[in-house]
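# Summary of structural features
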Amino acid sequence: MGKKAFITGITGQDGSYLTEHLLDLGYEVYGFARRNSVTEHQQTRIENLMNNVDLTYGDMLDQSSIDKLLKRVNPDEIYNLAAQSHVRISFDVPQFTVQTNALGVLNLLESVKINAPNAKIYQASSSEMFGNSRDADNMQRETTPMHPVSPYGCAKLFSYSLIRNYRKAFKLFASNGILFNHESPRRGANFVTTKIIKNAVLISKGKINTLELGNLDSKRDWGHSKDYVRAMRLILNHTEPDDFVISTGETKSIRDLCKIVFSKLNLNYEDHVKINPKYVRPDELSYLCGDCSKSKKILGWKPKYSFEELVDEMLEYFLEKYKD
Ligand code: NAP
Ligand code: GDD
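Residues numbered from 1 in each chain as written. Chains lettered and ligands numbered in written order. Predicted model: local features only at pLDDT ≥ 70, side-chain atom pairs only at ≥ 80, totals over all residues. Heavy atoms only, no water.

Let us now look at the site of ligand 2. Not every one of the 23 residues close to ligand 2 is listed here, only the nearest: Ser-126, Tyr-152, Ser-218, Arg-281 and Glu-284. Here an oxygen atom of ligand 2 sits 2.8 Å away from a polar atom, N or O, in the side chain of Arg-187. Between Lys-195 and ligand 2, the recorded distance is 2.7 Å, taken from a side-chain N or O atom to an oxygen atom. Relative to its free-state accessible area of 710 Å², ligand 2 is covered by the protein chains to the extent of 95%. Of the residues in the shell around ligand 2, the class split is eight nonpolar, nine polar and six charged. (Near = heavy atom within 4 Å. Polar contact = N/O pair within 3.5 Å; in protein donor to acceptor, adjacent residues only side chain to side chain. Areas by Shrake-Rupley, 256 points an atom, 1.4 Å probe, with all protein chains shown as cover. Nonpolar A, V, L, I, M, F, W, Y, C, P; charged D, E, K, R; others polar.)

Once that is clear, we can look at the site of ligand 1. Close to ligand 1 lie 25 residues, the nearest being Thr-11, Asp-14, Gln-42, Ser-85 and Tyr-152. Within the contact set of ligand 1, a nitrogen atom lies 2.9 Å away from a side-chain nitrogen or oxygen of Asp-59. Its free accessible area being 900 Å², ligand 1 has 89% of it covered by the protein chains. Among the elements that take part in the shell around ligand 1, strand β5 (residues 120-126) stands out by supplying three residues, more than any other. (Helix = DSSP H or I, 4+ residues; strand = E, 2+ residues; numbered from the N terminus.)

What follows covers the domain arrangement of the chain. With domains assigned, the chain is organised as domain 1 (4-182 + 222-246) and domain 2 (188-220 + 250-287 + 305-321). Opposite the 22 residues of domain 1 that make contact, domain 2 presents 24 residues. Counting the surface lost from both domain 1 and domain 2, the interface buries some 2,000 Å², and carbon and sulfur atoms represent 56% of this. Of all residues in domain 1, the largest losses of buried area upon contact with domain 2 belong to Arg-88, Trp-222 and His-224, amounting jointly to 38% of the total for that side. Where domain 1 touches domain 2, the interface holds zero salt bridges. Linking domain 1 with domain 2 are seven residue pairs in polar contact (both at pLDDT 80 or more), by the criterion used here. Among the secondary structure elements, those contributing two or more residues to the side of domain 1 that touches domain 2 are α4 (87-92), β10 (223-224) and α8 (225-236). Among the elements that line the side of domain 1 that touches domain 2, the one with the most residues is α4, at four residues. (Domains from an automatic or database assignment. Contact = heavy atoms within 4.5 Å. Buried area = accessible area lost by both parts, 1.4 Å probe. Salt bridge = Lys/Arg side-chain N within 4 Å of Asp/Glu carboxyl O.)

The following block contains the structure:
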């Protein structure tokens with residue numbers, strides 16, 4: 001019998017790719033879905049997998065739902081991907097963000113301690129935890145100080161610390177993946193990559209004329225979600241629990257991304273992109289570029305997708321979607 005994996009956040013971008021990856025490797029996959037008034041919306045990303053996963057209603061804020069699942073399944077591996085994952089929105093709903101992204105992780109760890117102490121736990125930590133901190137070589141790595149600049153980043157830093165604390169204090173196999181931005185055609189519509197690529201395609205088809213954005217000068221290290229979910233499994237299958245940066249080591253500004261995407265569609269971004277202060281954040285993380293040497297050396301992980309291939313895949317997806 002294959003290993004049993006419990007994925008929180010299975011309905012999200014990473015949850016859907018991780019499910020496919022683990023099913024391919026022969027895992028049994030269990031997941032939580034939250035109740036949504038339009039049920040179909042909940043399952044869009046995993047529609048094709050519904051016959052192969054065990055999906056139950058659950059919420060990181062409802063400890064009883066976590067307890068029930070862990071008692072019933074006793075998983076070998078737990079991937080905690082559930083989060084309010086939008087940084088800008090964490091300024092609008094800071095309490096919900098902190099409850100889910102921080103206290104939700106505490107709920108999970110307390111439940112694991114009692115109900116499944118031998119399960120290995122992966123925590124979806126984030127490069128947003130670094131804030132505007134970087135090393136002398138302009139990169140962030142496992143040892144770079146963390147000074148988050150958003151409620152989202154603060155909550156993720158709490159959880160990151162808790163994972164390390166429970167690892168040491170209670171000898172849980174609990175690991176952090178410190179993942180830099182990763183995207184795909186399944187990325188939510190209000191993250192900047194999807195927002196730019198989808199709307200540039202609509203502009204190229206004459207359906208709209210303008211794209212409103214916030215800060216064009218921040219820089220991000222963008223990879224592909226498919227590569228990053230492979231890293232999650234490698235992290236949990238390493239001999240000991242530890243913390244790992246997953247990144248590409250390349251960085252580009254939002255302006256660069258606009259230029260590249262619009263020019264692929266034979267457009268000039270300056271004719272269409274307008275700044276709307278509504279999308280500028282109260283505080284901003286201005287620069288990310290991750291050094292993943294540790295993961296390369298210890299896990300043997302490296303990304304397969306280039307930035308160009310990522311952009312092309314997302315472009316092709318939206319060109320096909322809006323072809324008529
Ligand atoms: P996503 O697409 O927004 O997925 C988040 C998932 O969490 C969704 O399934 C969502 O369910 C679920 N969720 C939200 N609140 C919940 C709650 N209270 N209880 C149970 N489930 C809840 O995010 P993603 O891009 O896949 O990212 C996965 C994880 O990695 C997140 O923790 C994110 O913070 C972290 N991360 C992402 C990146 C990145 O660049 N993508 C980088 C570093 C870290 P609904 O469908 O009901 O909303
Ligand atoms: N979303 C958005 N919308 N971002 C914009 C816009 C806009 O209209 N205009 C400019 N930006 C800038 C943001 O200010 C930010 O500097 C950058 O684009 C990237 O924004 P997002 O795509 O929303 O991602 P993020 O970097 O804030 O957060 C993502 O990456 C984190 C890892 O570093 C999310 O996936 C987080 O969950 C993840 O932890």
